[in-house]
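A closer look at the structure
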Amino acid sequence: MARRINGRPRSVFGLGVAAAVLAAVSGCGGSVSAPKAAATHSATAPGSSAATTPPPAATPSAVTSAKSAVVYGCDQKPVASPADFTLACGDGEVGLKDLVWSDWGRPTAVAKGKYLAVSCVPSCAQGTEVPYPAKVTVSGLSHGSYTVLHISAPRAPSPAPAYRLDAQGPVETH
């Protein structure tokens, strides 16, 4: 489809197609919006040239898109808004389950779910995994990945440790 601007045909369809092709080539999912028209024209007096207002400059979003913010698991692979997350990479006996996130992609995201810890009765080796209601907070968003994880599980017998998150997976900080 074309329309005339300043007496020359201009494609209206091409802008949307270009944005869709760019999204497909870059592997981005989600919605893509076509860029604004290249110029806004206003009427001027006969004999003078048409005034052109350039489009507003694109500003990068202050918030990382929800699909691109990640945490790295024990397998060192990035995952966005995980429902389950292992915290004890060596033995897998401490973790998070059934997480439901809010504000994923923002500087701080919060989830409600379960903190899983092994009861050490009669011993830690023979203990069973016990779920405790928990609130999980990730923060320190840097270059698209969260760097800090904090767990609040008031019913757990001992305070849940805090974690540093990096590309190697979670690391207990205390």
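For the structure, check the block above.
Residues numbered from 1 in each chain as written. Predicted model: local features only at pLDDT ≥ 70, side-chain atom pairs only at ≥ 80, totals over all residues. Heavy atoms only, no water.

1. Describing the pattern of salt bridges
Rule in force here: Salt bridges are identified by distance alone: a Lys or Arg side-chain nitrogen within 4 Å of an Asp or Glu carboxyl oxygen. Per the convention used, a helix needs a DSSP run of H or I reaching at least four residues, while a strand needs a run of E reaching at least two, with both numbered from the N terminus. Relative accessibility thresholds used throughout: buried, under 20% of the residue-type maximum; exposed, over 50%; partly exposed, between the two (1.4 Å probe, protein chains only).
Enumeration according to the criterion identifies 2 salt bridges in this entry. Among the salt bridges present, the one from Lys114 reaches Asp98, with a minimum N-O distance of 2.8 Å. Taken as a pair, Lys114 in strand S9 (residues 109–118) and Asp98 in strand S8 (residues 95–102) lie far apart in primary sequence, 16 residues in all. Residue Lys114 is classed as partly exposed on the basis of its relative accessible area of 33%. Since its relative accessible area comes to 38%, Asp98 is described here as partly exposed. The salt bridge involving Arg164 is made with Asp166; its shortest N-O contact spans 3.2 Å. Overall, Arg164 belongs to the partly exposed group, its relative accessible area being 40%.

2. Quick word on the nonpolar core
Counted only if it meets this: As used in this record, nonpolar core signifies buried Ala, Val, Leu, Ile, Met, Phe, Trp, Tyr and Cys residues forming a set joined through side-chain atoms within 4.5 Å. Any pair of residues with heavy atoms lying within 4.5 Å of one another is described as a contacting pair.
With 24 residues, the main nonpolar core has Leu96, Tyr115, Leu149 and Ile151 as its most contacted residues. For this core, the elements supplying multiple residues, two or more each, are S8, S9, strand S10 (129–139), strand S11 (148–152) and strand S12 (163–166). Once you skip the residues sitting within four places of it in the chain, Leu149 turns out to touch Phe85, Leu87, Leu96, Val136, Thr137, Val138, Ala162, Tyr163 and Leu165.

3. A word on the packing of aromatic side chains
Convention followed: Pairing of aromatic side chains here covers Phe, Tyr and the six-membered ring of Trp, requires ring centres within 6.5 Å, and sorts the geometry by plane angle: under 30 degrees stacked, over 60 edge-to-face, intermediate tilted.
Throughout the structure, instances matching the rule amount to 2 aromatic pairs. Taken together, a centroid distance of 4.9 Å and an interplanar angle of 65 degrees make the contact between Trp104 and Tyr146 edge-to-face. Of the two residues, Trp104 is situated in the loop between S8 and S9 and Tyr146 in the loop between S10 and S11; the sequence distance between them amounts to 42 residues. Residues Trp104 and Tyr146 agree in their burial class; the two are buried. Here a set of aromatic residues connected by ring pairs shows up, and it is made of Trp101, Trp104 and Tyr146.

Geometric descriptors of this kind do not, in isolation, establish any biological role.
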